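Each chain, written out:
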Amino acid sequence: MKHLILFGPPGSGKGTQAKQLEEKFEMVHISTGDLFRYEIGNETPLGLKAKSFIDAGELVPDEVTIGMLQNKVNMHPEAKGFIFDGFPRTIPQAEALDLFLEGRGECINGLIALKVDDEEIVQRLLERGKTSGRADDSNEAVIRNRIDVYKEQTSPVYDFYDEKNVSQEIEGVGSIEAIFERLSTAIEAL
Ligand code: AMP
């Protein structure tokens, strides 16, 4: 069983790549952002709790996010491995994930970060906002806040796994196909 964290700032292409990697490597892709948007769309209590944080570009509290993630993993006993996209985003989330996997006799085998600079991200997200219907992609101040939150709260997760010797960085600018190739090579080597 191999578990992968696809890491990187908002708009770095994690979701796009994870969808293709899921097919190629027969792993189950879990995006906490997608799970929250599903809950919001269905107006569930969890969705209502998450919405104000997401619209402001802030992180949803750890206890809500961690519970949701674990439920989703438990719904896939057949999985050969998971691609975590947008999770963990804080050190407590990473610690909780490791503990959860340890309880299953498993661990994170690799974290791959897509490297994209800030201005490219802002442009990509504003462009995506024209069609995604996502409020958090349409407002430049919210986008910049998401980048700040990534730097302050999420980037330490890279170092957390680097200390376990499983983190690596990949250039996230280029064609979707070229980045997919880079990712595939890195995953095959895990
Ligand atoms: P994403 O689709 O991954 O860009 O996530 C969209 C938004 O959902 C983020 O800006 C956060 O508000 C929220 N979110 C997604 N994943 C997490 C997480 N692991 N922890 C906290 N908030 C999250």
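See the structure shown above.
Numbers given for residues are sequential positions, taken from 1 along each chain in its written order. Where local features are concerned, this predicted model is filtered to residues with pLDDT of at least 70; where side-chain atom pairs are given and counted, the filter is 80 or more; whole-chain, interface and lining totals use all residues. Think of the side-chain values as coming from all heavy atoms in the structure, minus any hydrogens and water.

Lay out the packing of helix 6 (residues 118-132) against helix 8 (residues 140-154) with the relevant residues and their values.
Interaxial angles span 0 to 180 degrees and are taken between N-to-C directions of axes, which are lines fitted to C-alpha atoms, for helices over the stretch in contact. Secondary structure elements are defined from DSSP: runs of H or I of at least 4 residues count as helices, runs of E of at least 2 residues count as strands, and each element is numbered from the N terminus. Two elements in contact, helix 6 and helix 8, have axes whose closest approach is 10 Å; the angle formed by their N-to-C orientations is 135 degrees. Considered as vectors, helix 6 and helix 8 are oriented oblique to each other. As for the relative orientation of helix 6 and helix 8, their crossing is right-handed in sense. Across the interface between the two elements, Asp-118, Glu-119, Ile-121, Val-122, Leu-125, Leu-126 and Arg-128 from helix 6 touch Glu-140, Ile-143, Arg-144, Arg-146, Ile-147 and Lys-151 from helix 8. Here the term charged refers only to Asp, Glu, Lys and Arg, the term nonpolar to Ala, Val, Leu, Ile, Met, Phe, Trp, Tyr, Cys and Pro, and the term polar to all other amino acids, Gly among them. Grouping the constituent residues of the contact of helix 6 with helix 8 by class yields 6 nonpolar, no polar and 7 charged. Here is the rule for angles: anything less than 35 degrees is roughly parallel, anything more than 145 is roughly antiparallel, 65 through 115 is roughly perpendicular, and the remaining ranges are oblique. In a left-handed crossing the near helix is turned counterclockwise from the far helix by less than a right angle, and in a right-handed crossing that turn is clockwise. By definition, residues are in contact when any of their heavy atoms lie within 4.5 Å.

Any chance you could break down the site of the ligand for me, citing the residues and the numbers?
Nearness is judged by heavy atoms alone; a residue qualifies as near a molecule or strand once a single heavy atom is within 4 Å of it. Around the ligand, a shell composed of 16 residues is seen, among which Thr-32, Arg-37, Glu-58, Gly-86 and Gln-93 lie nearest. N or O atoms closer than or at 3.5 Å make up a polar contact, with two conditions inside protein: a donor-capable atom paired with an acceptor-capable one, and, for residues adjacent in sequence, both atoms drawn from side chains. One of the side-chain nitrogen or oxygen atoms of Gln-93 is found 2.9 Å away from a nitrogen atom of the ligand. Between the ligand and Arg-146 there is a distance of 3.5 Å, counted from an oxygen atom to a side-chain nitrogen or oxygen. Expressed as a share of its isolated accessible area of 470 Å², the protein-covered part of the ligand is 96%. For the shell around the ligand, the leading source of residues is helix 2 (residues 32-41), giving 4 residues. Of the residues contributing to the shell around the ligand, the split by class is 5 nonpolar, 5 polar and 6 charged. Surface accessibility in these figures is a Shrake-Rupley result with a 1.4 Å probe; residues are shielded only by whichever protein chains are displayed.

Provide a residue-level description of the pairing of strand 1 (residues 4-7), including the pertinent values.
For every residue, the accessible area (1.4 Å probe, protein chains only) is compared with the maximum for its type, and the residue is labelled buried under 20%, exposed over 50%, or partly exposed between those bounds. Every second residue of strand 1 is oriented toward a common face, with Leu-4 and Leu-6 on one face and Ile-5 and Phe-7 on the other, all of them buried. For two strands to be treated as a pair, DSSP must find at least two bridges joining them. Alignment of strand 1 against strand 3 (residues 82-85), held across 3 bridges, turns out to be parallel. Bridge pairing in strand 3 links Ile-5 to Phe-84. In this structure, strand 1 lies alongside strand 4 (residues 110-115), joined through 4 bridges in parallel fashion. Opposite Phe-7, over in strand 4, you have Ala-113 as the bridge partner.

Account for the pattern of salt bridges, naming residues and giving values.
The working definition used for a salt bridge is a side-chain nitrogen of Lys or Arg within 4 Å of a carboxyl oxygen of Asp or Glu. Under the defined criterion, the tally for this structure stands at 16 salt bridges. Between Lys-51 and Asp-55 there is a salt bridge, with its nearest N and O atoms 2.5 Å apart. Taken together, the residues span about one helical turn, with Lys-51 and Asp-55 both in helix 3 (residues 45-56) at a distance of 4 residues. Close ionic contact of Asp-137 with Arg-146 constitutes a salt bridge, the shortest N to O distance being 2.9 Å. Of the two residues examined, Asp-137 and Arg-146, each falls in the buried class.

Honestly, it's all geometry; don't read function into it.
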